[in-house]
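Given next are the chains, with one letter for each unit.
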Amino acid sequence: MKILVTGGAGYIGSHLCVALAEAGFQPVVLDDFSNSRPAVIDRLAAIIGAPTPVAIGDISDAAFLDRVFAEHEFAAVMHLAGVKSVAESCRLPLLYYQNNIGGTLSLCAAMQRAGIRRLLFSSSATVYGAAARSPVREDAPLSAANPYGRSKLMIERLLADLVAAEAAHLPVWRVAALRYFNPVGAHPSGLLGEDPLGTPNNLVPYIADVALGRRPHLNVYGNTYATRDGTGIRDYIHVMDLAEGHVAALRYLLRANDGGYFVWNLGTGRGSTVLEVVAAFVRSSGRSVPCVMAPMRPGDVAESCAHVGRAQAELGWRARRDLDEMMADVWRWRSANADGMR
Ligand code: NAD
Ligand code: UFG
């Protein structure tokens, strides 16, 4: 069964391709390589043991999408392509609305033309906004504080509208929004991992840079939160667990023909503080990671953890890998690929 993975050359998409292949599906990557490198495709082939077909282009290009859908028969589309930096979205809101919302509209229209109505979408815990109480359930109130978050929220709403509108006119859409918490880690082969351009914004890539001696220290953004050591708590999830969660959600969508809009949190349900992540990284790498206490980062919350009961009950999936395994895999990837795939 062929599955189209938009953004399949990216950090999460490439790991998803591995999980799909392991589960017996044939992933087909669609990517414009705007934030990834063609070398990913060779590495996927090395892990999977067979080439992964690739369609190079932009999801906003309707004629390109029509060609891809004419060439392959897909059972479903997993839609990960998009731009994802909160800070950049505040500087370049039009890019975020065009790429994320415009791109999703273009993709859904092409799917409709091709008669494909099973779609999984990469959403984010950011749609719960700052007021959410951890562990946050899928039915918590939604809000967003920046253009990136608003783009995810608007896409969720447009997908729900699409499902509702079509329900009265069979055949119907079967759509899932997967709300990721904090994906970290890398494939255990050391061949795939997160490869951010420039200075990393996120905690774990930054820690790895410090351990490699590329940056003098980690700035710990705030140590007076009401948490066990004063630093922020997040629900870090191994990217391979996240990928396997997608496969479970895909199976759920493929299991029936009736329409529906589904939402699942993908997290572990367990939170770690910044200092706990640093300690796990030091244990796994044997390197030192000097830390400097810094002011809280604007927009950060004290704690963000998933309530994972719905995914466990409905998908029969739960995250299995612990923080030490996440950090060991990051270190294997980064120490062997200090410059990523460049
Ligand atoms: P990534 O940047 O590594 O991957 C995105 C991929 O999409 C890249 O390969 C990029 O080249 C491609 N792409 C971007 N715009 C495109 C377009 N218009 N047409 C075709 N390809 C395009 O990001 P990631 O971390 O793998 O994230 C994947 C998805 O998951 C994104 O939608 C992101 O918003 C979402 N997400 C990520 C995180 C996280 O922490 N990484 C958290 C929550 C949600
Ligand atoms: N942190 C530091 N120092 C750093 C980077 C991060 O102390 O150099 C801290 C943050 O303050 C936070 C934790 O590490 O407490 C995690 O920060 P990340 O930037 O790795 O992750 P966030 O939870 O802040 O952000 C993630 C995604 C965003 C998304 C957001 C809300 O990266 O895209 O979750 O869901 F919008």
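Before reading further, recall that the structure is shown in the block above.
What this report covers is the structure whose coordinates are included nearby. Worth saying up front: this structure is predicted, and the values here are computed from it rather than measured.

## What about the environment of Phe-121?
Note that Phe-121 resides in strand E5 (residues 118-124). The sequence separation of Phe-121 and Leu-105 amounts to 16 residues, and the corresponding C-alpha distance is 12 Å. Non-local contacts of Phe-121, meaning those with residues more than four positions away in its chain, are made with His-79, Lys-152, Ile-155, Glu-156, Leu-159, Ala-176, Ala-177 and Leu-178.

## What about the sheet that holds strand E4 (residues 74-79)?
One open sheet accounts for seven strands, arranged E3-E2-E1-E4-E5-E6-E11; its pairing is parallel. What marks the edges here is a single partner per strand, and that holds for strand E3 (54-56) and strand E11 (260-266). Neighbour to neighbour, the strand axes of the sheet diverge by 20° on average, direction disregarded. Sheet analysis places E4 next to E5, joined by three bridges and oriented parallel. What sits directly across from Val-77, in E5, is Leu-119. Packing against the sheet, helix H1 (residues 11-22) makes contact with strand E1 (2-6), strand E2 (26-31), E4 and strand E6 (174-180), and its axis sits at approximately 170° to E1.

## Focus on the site of ligand 2
Around ligand 2 lies a shell of 20 residues, among which Asn-202, Asn-219, Arg-234, Arg-297 and Asp-300 are the nearest. Within the contact set of ligand 2, an oxygen atom lies 3.0 Å away from a backbone nitrogen or oxygen of Thr-126. Within the backbone of Leu-203, an N or O atom sits 2.9 Å from an oxygen atom of ligand 2. Notes on ligand 2: free accessible area 690 Å², of which the protein chains cover 86%. When residues in the shell around ligand 2 are grouped by element, the largest group, four residues, is from strand E8 (residues 218-221). The residue makeup of the shell around ligand 2, split by class, is nine nonpolar, seven polar and four charged. When residues of the shell around ligand 2 are sorted by domain, at least three fall in each of domain 1 (2-184 + 236-266) and domain 2 (203-235 + 269-336).

## Things to note about helix H11 (residues 323-336)
With 14 residues, H11 extends 20 Å between its outermost C-alpha atoms, agreeing within 8% with the 20 Å of an ideal straight helix rising 1.5 Å per residue. Inspection of H11 places Leu-323, Met-326, Met-327, Asp-329, Val-330, Trp-331, Trp-333 and Arg-334 among the buried residues, and these make up the whole buried set. Buried residues in H11 make contact with helix H2 (39-48), strand E7 (182-184), helix H7 (203-211), strand E10 (236-238), strand E12 (272-273) and helix H9 (274-285). You can read the cap of H11 off the contacts: a side-chain oxygen lies 3.3 Å from the backbone nitrogen of Asp-324, and it is on Asp-322.

## Quick look at the site of ligand 1
Around ligand 1, the structure places 26 residues, and the nearest of them are Asp-31, Asn-35, Ser-36, Lys-84 and Asn-99. Tyr-11 is positioned with one of its backbone polar atoms (N or O) 2.8 Å from an oxygen atom of ligand 1. The contact in question runs from a nitrogen atom of ligand 1 to an N or O atom on the side chain of Asn-99, over 2.8 Å. Among the elements of the structure, H1, E5 and helix H6 (147-167) are those that each provide at least two residues to the shell around ligand 1. The element that contributes the greatest number of residues to the shell around ligand 1 is E5, accounting for three residues. Among the residues forming the shell around ligand 1, the class breakdown is ten nonpolar, eleven polar and five charged.

## Here we look at the pairing of E5
Within a regular strand, side chains alternate between the sheet's two faces. The buried count for E5 comes to seven of seven residues, which makes it a mostly enclosed element. With burial as the criterion, each face of E5 is covered, one bearing Arg-118, Leu-120, Ser-122 and Ser-124 and the other bearing Leu-119, Phe-121 and Ser-123.

## Quick notes on the nonpolar core
Counting residues in each nonpolar core, the largest one holds 46 residues, and the members touching the most others are Leu-20 and Trp-264. Breaking this core down by element, the ones donating at least two residues are E1, H1, H2, E4, E6, helix H8 (239-255), E11 and helix H10 (309-315). The dominant element in this core, judged by the number of residues it contributes, is H8, at ten residues. Apart from the residues lying within four places of it in its own chain, the contact partners of Trp-264 are Glu-138, Ala-176, Ala-177, Leu-178, Arg-179, Ala-249, Tyr-252, Arg-310, Ala-311, Glu-314 and Leu-315.

## Notes on empty space enclosed by the protein
Scanning the model with the defined rule gives one cavity of 30 Å³ or more in all. There is about 60 Å³ of room inside the largest cavity. Along the walls of the largest cavity sit Val-184, Gly-185, Ala-186, Glu-194, Val-204, Pro-205, Val-330, Trp-333 and Arg-334, which together make up its complete lining. At the level of elements, H7 and H11 are the ones that each hand at least two residues to the lining of the largest cavity. Among the elements that make up the lining of the largest cavity, the one with the highest residue count is H11 (three residues). For the lining of the largest cavity, a count of residues per class yields six nonpolar, one polar and two charged.

## A look at H2
For an α-helix, 3.6 residues make a turn, and residues three or four places apart therefore share a direction. Three or more residues of H2 are buried, namely Val-40, Ile-41 and Leu-44. The buried residues of H2 all sit within an arc of 100° when viewed along its axis, so they share a single face. Opposite the packed face of H2, turned more than 90 degrees from it, sit the exposed residues Asp-42 and Ala-46. Looking at the buried residues of H2, the elements they touch are H1, E2 and E3. Just beyond H2, the residue with positive phi is Gly-49, at close to 85°.

Thresholds, definitions, all that
Residues numbered from 1 in each chain as written. Chains lettered and ligands numbered in written order. Predicted model: local features only at pLDDT ≥ 70, side-chain atom pairs only at ≥ 80, totals over all residues. Heavy atoms only, no water. Helix = DSSP H or I, 4+ residues; strand = E, 2+ residues; numbered from the N terminus. Contact = heavy atoms within 4.5 Å. Pairing = 2+ DSSP bridges. Axes fitted to C-alpha atoms, helices over the stretch in contact; angles between N-to-C directions. Near = heavy atom within 4 Å. Polar contact = N/O pair within 3.5 Å; in protein donor to acceptor, adjacent residues only side chain to side chain. Areas by Shrake-Rupley, 256 points an atom, 1.4 Å probe, with all protein chains shown as cover. Nonpolar A, V, L, I, M, F, W, Y, C, P; charged D, E, K, R; others polar. Domains from an automatic or database assignment. Expected span 1.5 Å × (residues − 1). Buried < 20%, exposed > 50% of the residue type's maximum accessible area, 1.4 Å probe, protein only. Core = buried A, V, L, I, M, F, W, Y, C linked by side-chain atoms within 4.5 Å. 1 Å grid on protein atoms, 1.4 Å probe; cavity = no way out; pocket = protein on both sides within 12 Å on 5 of 7 lines; lining within 4 Å. Points joined across faces, edges and corners; volume = space filled by probe spheres on them. Arc of directions from axis to C-beta.

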